[in-house]
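The lines below spell out each chain.
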Amino acid sequence: MTRTITFGSAHNLTKLNVDRYPNICGICHKNVDPSFIGSNLQNVTVIPEKIEAAFKCTNVDCNSIIIGYYERKDPKSNYVLIDSAPISPIEKEFNKEITKVSPNFVVIYNQSYYAEQSNLKLISGIGYRKALEYLVKDYLIFLNPENKQEIINRPLGQCINMIENESIKEISKRAAWIGNDEAHYVRKWADKDVEDLKKLIEITVFYISMDVATKDYLKEMS
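**Looking at the environment of Tyr-114**
Along the polypeptide, Tyr-114 turns up in helix α2 (residues 103-117). By relative accessible area, which is 40% here, Tyr-114 ends up partly exposed.

**Section: the nonpolar core**
If you look at the biggest cluster of nonpolar residues, it comprises 32 residues, and the most contacted ones within it are Ile-98, Phe-105, Val-136 and Ile-201. Looking at this core, the elements that each hand over two or more residues are α1 (96-101), α2, α3 (121-143), α5 (156-162), α6 (166-181) and α7 (194-220). In terms of residues, this core owes the most to one element, α3, which gives eight residues. Ignoring anything within four residues of it in the chain, the contact list for Val-136 reads Leu-156, Cys-159, Ile-160, Ile-163 and Ser-172.

**Details of α6**
Between the first and last C-alpha of α6 there are 23 Å, a value that for 16 residues agrees with the 22 Å anticipated at 1.5 Å per step. Inspection of α6 places Ile-168, Lys-169, Ile-171, Ser-172, Ala-175, Ala-176, Ile-178, Gly-179 and Asp-181 among the buried residues, and these make up the whole buried set. Among the structural elements, α3, α5 and α7 are those in contact with the buried residues of α6.

**Quick notes on the packing of α2 against α7**
Axis separation between α2 and α7 bottoms out at 13 Å; the angle between their running directions is 155°. When the axes of α2 and α7 are compared, the pair comes out roughly antiparallel. Crossing geometry of α2 relative to α7 is assigned as left-handed. Along the contact surface, α2 presents Phe-105, Tyr-109, Tyr-113 and Glu-116, while α7 presents Val-194, Glu-195, Lys-198, Ile-201 and Val-205. Looking at side-chain class alone, the contact of α2 with α7 contains six nonpolar, no polar and three charged residues.

**Section: the packing of aromatic side chains**
Applying the stated rule across the entire model yields nine aromatic pairs. With a centroid separation of 4.9 Å and 55° between ring planes, the pair formed by Tyr-109 and Tyr-128 is classed as tilted. Residue Tyr-109 is found in helix α2, and its partner Tyr-128 is found in helix α3; the two are separated by 19 residues along the sequence. Pairing Phe-206 with Tyr-207 gives two aromatic rings, centres 5.6 Å apart and planes at 65°, and the pair type is edge-to-face. Lying across the ring of Tyr-21, Arg-3 places its NZ or CZ 4.0 Å from the centre. The side chain of Lys-92 reaches across the aromatic face of Phe-94, ending 5.7 Å from its centre.

**Brief notes about the sheet that holds strand β6 (residues 80-85)**
Overall, antiparallel pairing links the four strands, which are arranged β3-β4-β5-β6 in an open sheet. A single partner strand is all that each edge strand has here, and the edge strands are β3 (35-39) and β6. Each strand of the sheet is rotated relative to its neighbour by a mean of 35°, with strand direction disregarded.

**Some points on a nonpolar patch on the surface**
A contiguous nonpolar surface patch, about 350 Å² in accessible area, is contributed by Leu-120, Leu-122 and Ile-123. As for its position among the elements, Leu-120 is in the loop between α2 and α3.

**Topic: the side chain of Ser-64**
Note on placement: Ser-64 falls in the loop between β4 (50-56) and β5 (65-71). With relative accessibility at 18%, the residue Ser-64 sits in the buried group.

Parameters and conventions
- Residues numbered from 1 in each chain as written.
- Predicted model: local features only at pLDDT ≥ 70, side-chain atom pairs only at ≥ 80, totals over all residues.
- Heavy atoms only, no water.
- Helix = DSSP H or I, 4+ residues; strand = E, 2+ residues; numbered from the N terminus.
- Buried < 20%, exposed > 50% of the residue type's maximum accessible area, 1.4 Å probe, protein only.
- Core = buried A, V, L, I, M, F, W, Y, C linked by side-chain atoms within 4.5 Å.
- Contact = heavy atoms within 4.5 Å.
- Expected span 1.5 Å × (residues − 1).
- Axes fitted to C-alpha atoms, helices over the stretch in contact; angles between N-to-C directions.
- Parallel < 35°, antiparallel > 145°, perpendicular 65-115°, else oblique.
- Left-handed = near helix turned anticlockwise from the far one by under 90°.
- Nonpolar A, V, L, I, M, F, W, Y, C, P; charged D, E, K, R; others polar.
- Phe/Tyr/Trp six-rings, centres within 6.5 Å; stacked < 30°, edge-to-face > 60°.
- Lys NZ or Arg CZ within 6 Å of the ring centre and 35° of its normal.
- Pairing = 2+ DSSP bridges.
- Patch = residues over 30% accessible without salt bridge, like charges linked within 9 Å, V, L, I, M, F, W, Y side chains within 5 Å.
- Areas by Shrake-Rupley, 256 points an atom, 1.4 Å probe, with all protein chains shown as cover.
- Salt bridge = Lys/Arg side-chain N within 4 Å of Asp/Glu carboxyl O.

This is a description of form; function is not addressed.
Structure representation (structure tokens):
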């Protein structure tokens, strides 16, 4: 549905068509239909290719300002929303088993998640790959603290092969494949992307947390 934004005075009001208003508030992260406040345009004779418009979040617990960034290809086309700001990043929470085994994984993952939420998607994948390496190595160190230095010095692929749990080994291996693609010019897995990498890390996290929880309960109730 086409929407409009306006600028100018009440006696000389100009309307511009835009494809949509921002529908997610970057502060409260709610799905909203914001109220238009104004734009960065004045009484100009030539309408620029790019414009900014201010909106107010309609979530009564938020009421934050949302800035929409618009572009159009030619003077006859509508403006298209390409981005919005500001963004208050959402953090992904991990269970106690993961935070105990690898607190650095949690930090690195959420920094990568913040980059992704900020539309820095070409670098977030490399961050997720780094988070995976910390998770795998810290898990191995948790199981074999006497081999800490050896584990730290080994490449990720060799560390994965050291994992005895087959489910963790095989799923983290595939996560590493896609993670490596995020760091290279040519992708080996052209049909996979960051979303697949995140899903594989999520599965790896699940299996590791279950393994750690199992070991903890068996130790407590021996």
